[in-house]
Amino acid sequence: MSEIIVSTTPTLEGRPAKEYLGIVTGEVIVGANLFRDLFASVRDIVGGRSGAYEDVLQRAREQAIGEMRTRAAVLGANAVVGVDLDYEAVGSSGSMLMVTASGTAILF
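How each quantity is defined
- Residues numbered from 1 in each chain as written.
- Predicted model: local features only at pLDDT ≥ 70, side-chain atom pairs only at ≥ 80, totals over all residues.
- Heavy atoms only, no water.
- Helix = DSSP H or I, 4+ residues; strand = E, 2+ residues; numbered from the N terminus.
- Buried < 20%, exposed > 50% of the residue type's maximum accessible area, 1.4 Å probe, protein only.
- Contact = heavy atoms within 4.5 Å.
- Areas by Shrake-Rupley, 256 points an atom, 1.4 Å probe, with all protein chains shown as cover.
- Core = buried A, V, L, I, M, F, W, Y, C linked by side-chain atoms within 4.5 Å.
- Pairing = 2+ DSSP bridges.
- pLDDT = per-residue confidence, 0-100.

### Details of the overall build of the chain
No. 1: Broken down by element type, the chain carries two helices and four strands.
No. 2: Of the regular secondary structure in the chain, the N- to C-terminal order runs β-β-α-α-β-β.
No. 3: Counting all 108 residues of the chain, 26% fall into the buried class.
No. 4: At a minimum sequence separation of 6, the contacts of the chain that also span at least 24 residues come to 76%.
No. 5: Carbon and sulfur atoms provide 55% of the accessible area of the chain, an area that totals close to 6,800 Å².

Here is the structure:
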């Protein structure tokens, strides 16, 4: 599979779309770890950044984009444009985080 270009812009400069193949998405839901929550709470009280949460968030974002790329490749696309990333707390106590990547698969 060749690399799928991913862009937040609606078009790719110098590469006009020949065909719009449809909306593609990637979704990832990650659960929060009790110990990570505890340490993040302490860090919030004393100040500073929560590296553990930032790492989880980065991995979830990369996985969602990767899933979206895979779905675009199945459609025969070589790019996804107009990409939007959304983050939402889910679960009865908001203990899970959902990351969604969505965009339009195109062939240029």
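### Examining the nonpolar core
No. 1: Counting 16 residues, the largest nonpolar core has Val 24, Met 68, Ala 72 and Val 80 as its most contacted members.
No. 2: Taken together, the elements giving at least two residues each to this core come down to strand S2 (19-31), helix H2 (51-74), strand S3 (79-90) and strand S4 (96-107).
No. 3: For this core, the element with the most residues is H2, which contributes six residues.
No. 4: When residues no more than four places from it in sequence are discounted, the contact partners of Ala 72 are Ile 4, Val 24, Ala 77, Val 80 and Ala 105.

### Overview of the pairing of S3
No. 1: Bridging between strand S1 (residues 5-6) and S3 involves two bridges; their strand directions are parallel. Note that in S3 the partner of Val 6 across the bridge is Val 80.
No. 2: Where S3 lies against S4, ten bridges are found, and the strand directions are antiparallel. Paired with Leu 85 across the strands is Ala 101, a residue of S4.

### Overview of the environment of Val 28
No. 1: Along the chain, Val 28 falls in strand S2.
No. 2: Residues Val 28 and Val 99, 71 residues apart in the sequence, show an inter-C-alpha distance of 5.3 Å.

### Quick word on the confidence of the model for the chain
No. 1: Predicted confidence across the chain gives a mean pLDDT of 85, with 79% of residues reaching 70 or more.
No. 2: Confidence, read as mean pLDDT per element, is least for helix H1 (residues 34-46) in the chain (51) and greatest for S1 (96).

### Notes on the side chain of Ser 7
No. 1: Along the polypeptide, Ser 7 turns up in the loop between S1 and S2.
No. 2: Given a relative accessible area of 13%, Ser 7 falls into the buried group.
No. 3: Setting aside its immediate chain neighbours within four residues, Ser 7 contacts Leu 12, Val 80, Val 81, Gly 82 and Val 83.

### Re the pairing of S4
No. 1: Pairing geometry for S2 and S4, over twelve bridges, is antiparallel. Across the sheet, the residue bridging to Glu 27 is Thr 100, located in S4.

### Notes on the sheet that holds S3
No. 1: With mixed pairing, four strands are arranged side by side in an open sheet as S1-S3-S4-S2. Both outer strands of the open sheet, S1 and S2, are each paired with one neighbouring strand and no more.

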